[in-house]
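So you can see what is in the structure, the chains are spelled out below.
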Amino acid sequence: GEVEKMKCTKLLGRELYADIKANPTTENNIELIETVKPVLVFWTYIMYLEQGRVFNTATGQVVKRTDSSVHLTDAELKLLIDSNAKIARFYESELQFYLSQNGLRFPLWSGRSVQHTGAKSFKIKVL
C-alpha cells in the first residue's frame, strides 16, 4: 500500500525495495521482510490514528457518532500518535542495525546512509 511504498523507498532505497517486490521468496528477502514488517505496522497504525475519525464503508464515508462513544481530545490523540511513533522509530533503528550488520547480503542497499524517516517526514498532524 501507500505506507509500504513511502517507507520502504525511503528506508531501503528504490532498488532494494523493487528487488524485494520482485523476489519476495529468496532467503535474504524473507528475512529482511520480517524485519521491515513491524516498521510498516506501526507507521500504518499511526496513519490510521491520524485519519481514523472517518471510516470507509460500502455506502460511503461515515463518522461514528453514538451516545456510548467519546472522541479523544486533540491532546490525547497526539499523545497516542507520539507514543506509537517512538515505537515505529525503534523498529526503524532495528531495521537499520540489521542492514548495517548484513549489508553485504544486500548489495542494492550497501553504502546507503542510515536515517530515520521520522514522524515529521510522514506528515503526522493532529486535526
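These notes cover the structure that comes with them. (Residues numbered from 1 in each chain as written. Predicted model: local features only at pLDDT ≥ 70, side-chain atom pairs only at ≥ 80, totals over all residues. Heavy atoms only, no water.)

### Here's the deal with the environment of I46
Thinking step 1. Summarising the element assignment, I46 is placed in helix α3 (residues 27–51).
Thinking step 2. Overall, I46 belongs to the buried group, its relative accessible area being 0%.
Thinking step 3. With 36 residues separating them along the chain, I46 and D82 place their C-alpha atoms 8.7 Å apart. (Helix = DSSP H or I, 4+ residues; strand = E, 2+ residues; numbered from the N terminus. Buried < 20%, exposed > 50% of the residue type's maximum accessible area, 1.4 Å probe, protein only.)

### Some remarks on the pattern of salt bridges
Thinking step 1. Under the criterion given, the structure shown has 5 salt bridges.
Thinking step 2. Here R105 ties to E31 by a salt bridge, and the two come within 3.3 Å at their closest N and O atoms. Highlighted residues: R105 in the loop between α4 (74–102) and α5 (118–121) and E31 in helix α3, separated in sequence by 74 residues.
Thinking step 3. Two residues, E34 and K37, come together in a salt bridge whose shortest N-O distance is 2.9 Å. In this pair, E34 and K37 both sit in helix α3, 3 residues apart, roughly one turn of the helix. (Salt bridge = Lys/Arg side-chain N within 4 Å of Asp/Glu carboxyl O.)

### Regarding helix α1 (residues 2–12)
Since there are 3.6 residues in each turn of an α-helix, residues three or four apart along the chain are aligned in direction.
Thinking step 1. Residues V3, K7, C8, L11 and L12 constitute the buried set of α1. On an axial view of α1, the arc spanned by its buried residues comes to 105 degrees, and they lie on one face. The outward face of α1, more than 90 degrees from its buried face, is lined by the exposed residues E2 and K5.
Thinking step 2. Positioned one or two residues after α1, G13 has a phi angle of 90 degrees, which is positive. (Arc of directions from axis to C-beta.)

### What about the environment of E92?
Thinking step 1. With respect to the helices, strands and loops of the structure, E92 is situated in helix α4.
Thinking step 2. Measuring from C-alpha to C-alpha, the distance between E92 and L11 comes to 8.1 Å, with 81 residues separating the pair along the chain.

From the geometry alone we can't say anything about function, so treat these as descriptive.
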